[in-house]
Amino acid sequence: MATFLYKLGRLAFRRRHFAALIWVALLTLAGVGAASAPAAGNTSFSIPGTEAQKAFDLLEQRFPGMSADGATARVVFKAPSGEKMTDAAHKATVGKTVKELKSGSEVVSVADPYTGHAVSKDGTVAYASVKYKVSGMELEDPSRDALKEAAQDARDAGLTVEIGGDALNATPETGSSEIIGIAIAAVVLVITFGSLLAAGFPLLTAIIGVGIGVSTITALASALDLGTTTSTLASMIGLAVGIDYALFIVSRYRAELAEGRDREDAAGRAVGTAGSAVVFAGLTVVIALVGLSVVNIPMLTKMGIAAAGTVAIAVLIALTLIPALLGYAGRRVKPAGEKSKLLGGGRTPKKPGRPNMGTRWASFVVRRPVAVLLLGVIGLGAAAVPATSLELGLPDDGSQPVSTTQRRAYDLLSEGFGPGFNGPLMIVVDAKGSDDPKAAFTKVGDEIKGLKDVVTVTPAAPNKAGDTATITVVPDSKPSSTTTEDLVHAIRGKGADITSATDAKVLVTGSTAMNIDVSQKLNDALLPYLALVVGLAFLLLIVVFRSILVPLKAALGFLLSVMAALGAVVAVFQWGWLSGLMNVEETGPVMSMMPIFMVGVVSGLAMDYEVFLVTRMREAYVHGEKPNQAVVTGFKHGARVVTAAAVIMIAVFSGFIGSSESMVKMIGFGLAIAVLFDAFLVRMAIVPAVLALLGKKAWWLPKWLDRVLPNVDVEGEGLLTEPDRRDADPEGERELVRA
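Fair warning: this is a prediction, and the values are worked out from it, not measured in the lab.

About the thresholds
- Residues numbered from 1 in each chain as written.
- Predicted model: local features only at pLDDT ≥ 70, side-chain atom pairs only at ≥ 80, totals over all residues.
- Heavy atoms only, no water.
- Helix = DSSP H or I, 4+ residues; strand = E, 2+ residues; numbered from the N terminus.
- Contact = heavy atoms within 4.5 Å.
- Areas by Shrake-Rupley, 256 points an atom, 1.4 Å probe, with all protein chains shown as cover.
- Axes fitted to C-alpha atoms, helices over the stretch in contact; angles between N-to-C directions.
- Parallel < 35°, antiparallel > 145°, perpendicular 65-115°, else oblique.
- Nonpolar A, V, L, I, M, F, W, Y, C, P; charged D, E, K, R; others polar.
- Phe/Tyr/Trp six-rings, centres within 6.5 Å; stacked < 30°, edge-to-face > 60°.
- Buried < 20%, exposed > 50% of the residue type's maximum accessible area, 1.4 Å probe, protein only.
- pLDDT = per-residue confidence, 0-100.
- Left-handed = near helix turned anticlockwise from the far one by under 90°.
- Pairing = 2+ DSSP bridges.
- Patch = residues over 30% accessible without salt bridge, like charges linked within 9 Å, V, L, I, M, F, W, Y side chains within 5 Å.
- Salt bridge = Lys/Arg side-chain N within 4 Å of Asp/Glu carboxyl O.
- Expected span 1.5 Å × (residues − 1).

**Considerations on the overall build of the protein**
Argument step 1. Tallying secondary structure elements over the protein gives 22 helices and eleven strands in all.
Argument step 2. Long-range pairs, those at least 24 residues apart, make up 80% of the contacts in the protein with a sequence separation of at least 6.
Argument step 3. Carbon and sulfur atoms make up 60% of the accessible area of the protein, which totals about 31,000 Å².

**Observations concerning the packing of helix 15 (residues 482-502) against helix 16 (residues 511-545)**
Argument step 1. At a closest axis distance of 10 Å, the pairing of helix 15 and helix 16 adopts a crossing angle of 90 degrees. With respect to their mutual orientation, helix 15 and helix 16 come out roughly perpendicular. Between helix 15, through T484, E485, V488, H489 and R492, and helix 16, the contact on the second element is made entirely by T512, A513, I516 and D517.
Argument step 2. For the contact of helix 15 with helix 16, the per-class residue count stands at three nonpolar, three polar and three charged.

**Focus on the packing of aromatic side chains**
Argument step 1. Applying the stated rule across the entire model yields seven aromatic pairs.
Argument step 2. Each ring, one from Y127 and one from F421, has its centre 5.1 Å from the other, and the planes form 65 degrees; the classification is edge-to-face. Note that Y127 is positioned in strand 3 (residues 125-132) and F421 in the loop between helix 13 (405-417) and strand 6 (425-430), a separation of 294 residues in sequence. You'll find Y127 and F421 in the same group, each marked buried.

**A word on the confidence of the model for the protein**
Argument step 1. On average, residues of the protein score 83 in pLDDT, and 90% of them reach the 70 mark or higher.
Argument step 2. Looking across the protein, the model is least confident in helix 22 (residues 730-738), with a mean pLDDT of 44, and most confident in helix 12 (residues 369-384), with 94.
Argument step 3. Here residues 721-739 scores under 50 on pLDDT; set against residues more than four positions off or in separate chains, the count is 28 contacts.

**Some details on the packing of helix 1 (residues 2-14) against helix 10 (residues 298-329)**
Argument step 1. In contact at an axis separation of 7 Å, helix 1 and helix 10 are set at 45 degrees when each is read in the N-to-C sense. Between helix 1 and helix 10, the crossing angle belongs to the class labelled oblique. Between helix 1 and helix 10 the crossing geometry is right-handed. Taking contact as the criterion, the partners of L5, L8, G9, A12 and F13 in helix 1 are, on helix 10, L319, T320, P323, A324, L326 and G327.
Argument step 2. Across the contact of helix 1 with helix 10, the residue classes tally to eight nonpolar, three polar and no charged.

**A word on the sheet that holds strand 3**
Argument step 1. With antiparallel pairing, four strands are arranged side by side in an open sheet as 2-3-1-4. The two strands at the open ends of the sheet, each matched to only one other strand, are strand 2 (107-111) and strand 4 (160-165). In this sheet, adjacent strand axes meet at a mean angle of 20 degrees when their direction is disregarded.
Argument step 2. As judged from the seven bridges shared by strand 1 (residues 72-78) and strand 3, these two strands associate in the antiparallel manner.

**Let's talk about a nonpolar patch on the surface**
Argument step 1. A surface patch of nonpolar side chains, about 320 Å² in accessible area, is lined by V294, L532, L536 and L539.
Argument step 2. Summarising the element assignment, L532 is placed in helix 16.
Argument step 3. Exposure remark for L532: the relative accessible area of 32% places this residue in the partly exposed category.

**A few points about helix 3 (residues 51-62)**
Argument step 1. The end-to-end C-alpha distance of helix 3, which contains twelve residues, comes to 16 Å, matching closely the 16 Å that a straight helix rising 1.5 Å per residue would cover.
Argument step 2. Along helix 3, the residues classified as buried are A52, Q53, A55, F56, L58, L59 and R62.
Argument step 3. Buried positions along helix 3 lie against strand 6, strand 9 (468-475), helix 15, strand 10 (505-509) and helix 16.

**Quick look at unusual backbone geometry**
Argument step 1. Its identity is not glycine, yet D503 carries a phi of approximately 65 degrees, on the positive side.
Argument step 2. Residue position: D503 is located in the loop between helix 15 and strand 10.
Argument step 3. By relative accessible area, which is 47% here, D503 ends up partly exposed.

**Examining the environment of D706**
Argument step 1. Along the chain, D706 falls in helix 21 (residues 703-708).
Argument step 2. Under the relative-accessibility criterion, D706 is labelled partly exposed at 37%.
Argument step 3. The spacing of D706 and R546 is 160 residues in sequence and 7.1 Å in space, taken between C-alpha atoms.
Argument step 4. Residues contacting D706, with those up to four places away along its chain left out, are R546 and L701.

**Focus: the pairing of strand 3**
Argument step 1. The buried count for strand 3 comes to seven of eight residues, which makes it a mostly enclosed element.
Argument step 2. Judged from the four bridges that link them, strand 2 and strand 3 form a sheet pairing that is antiparallel. Looking at strand 3, one finds that A111 is bridged to S129.

If you want it as structure tokens, here you go:
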């Protein structure tokens, strides 16, 4: 592989106009496609195999035109202090608002508060339910505008009016902190390279890669039903890995220049060595993201595949566009150790020959491996302790910022009707096989009334055929509470008895039940997914490092990082530690996707640092150095770059903490803290300590396995036999084109 990539790097360097033109053309094509594509709707939240989804599907069949998955809105009214919603003037205002709402072309129905028993007992709060034909993000702007205008008219009449539900779903805002993250990355690159030009290459190529990836997602969003979170995730991961991959290749290029190689050969060797590491690091990230499809949640599968595509683009750009840009830069990119004149180049070092920080740190770890290993493991273990009290759920309007109308509507409904009113359960009774459907409907209602945590059970509402009915159950607890989850399980437990007595099937659905089913599905898939991702990464690293213990150590270190990061997420988003600093306005259960998502993404990112750092060590070991000296050599050449890469990733991910959407905020924080733990505690401390303790055993591989494994030559050993000459390869170019 190193030889092939060496030739690819030299070809891109020499034919730089052609390489640059290809990527500019792809960016233009993706941009045109995004601009001309129809607007995307929200990702459909179908969860195959769950009871809640089966109930939705049944409703579509038995209640045609009901639009079970259509958008909903609750327009909540509150009377001024000392007045009630039953006052004549307020009733007239609400009646006018209901009439306005009914006039919408996408509206299915609007329930009047006074005929639908939607006025609180104390008379201060009332609400009108609006049902639409299409999902929240598929609503046309005139429908949203009409909803807002109707609410504003009622406000002008003296009422407090807020709007809940998913009809006002909007694209999340990330805020200025995302730009700050990119600015920090730029500063780190300038410090690392000592050159504005060299620092600009990773940023430029990462932005081009993300531009192509996100534009392609936007162009395909309508056809493939991709939601807004899909492009946010792709840009988050694509930007981070795009900068990092380019950073490693540019750093290796400067190191090759420092060894006296000509620029074309240096570009080829940088792509052949660091580029090999980039390929395998990118492959681990792609495996982890595509592996999300095993969970069988369509939204998660699409997010993973879209992000994996953006990572693949980042790898290809690093291998081809970076050497092309280095060809354009010429002598303006200095060898390692030299700075541009603008940043202090040409000055005499104060202490020539002094070992760099990476060398000094690695030498310290090699001398005291047991102490460093114990401190690292104990520190990560302490950070992981909060994960033992992890509670999972999915965000609802109660997790929105208090500045939003959705959150204020949620609070008003809780105040007027109780917290469970924000998450009613829909019971679907399928009595098609029953001899007495009406008796079955009545029995279901009576059985549910006798359960704990039930406030209201509405009478059964049958369809025209009379073989299926819906019953609404209002719990006493808020939607995300464990008490409500217990109630859902209790109703489903009663359903088995009802079926045996009446031959009627009982299904529980609604957004609350769907969230519970999603959480359960994710929990059930976590261990198989973990085994798949870690197992494949382990096998891949065996091929890369030709060792058993090094990949095993990498996998165990990754598990430590994930557990510690989950502990930090629990501490902030569930316990409320530092919640003010993170602008977390409402603590509660951790998003149910978080554990499995972090396993997928962090496993790939963790292997990045493992590959980049340890390949340098193996390269030194293969070339004859003793094991401990190879560890020090690996840090001498790789620690500065890996540190810069980690700081950049942390900065980019931290930029998404400013998002207005709780899901994006939590993902940004979780990934940033995971990279912090993995890069600085696991890879920079635990890894060299373990390798120092293992010595030569770290690189042991059974002879039979050594014969079976393909030799991918990540270290570039095959390049040692390549002739060092400028005119190396018209023939090589033709061979590459044929390949």
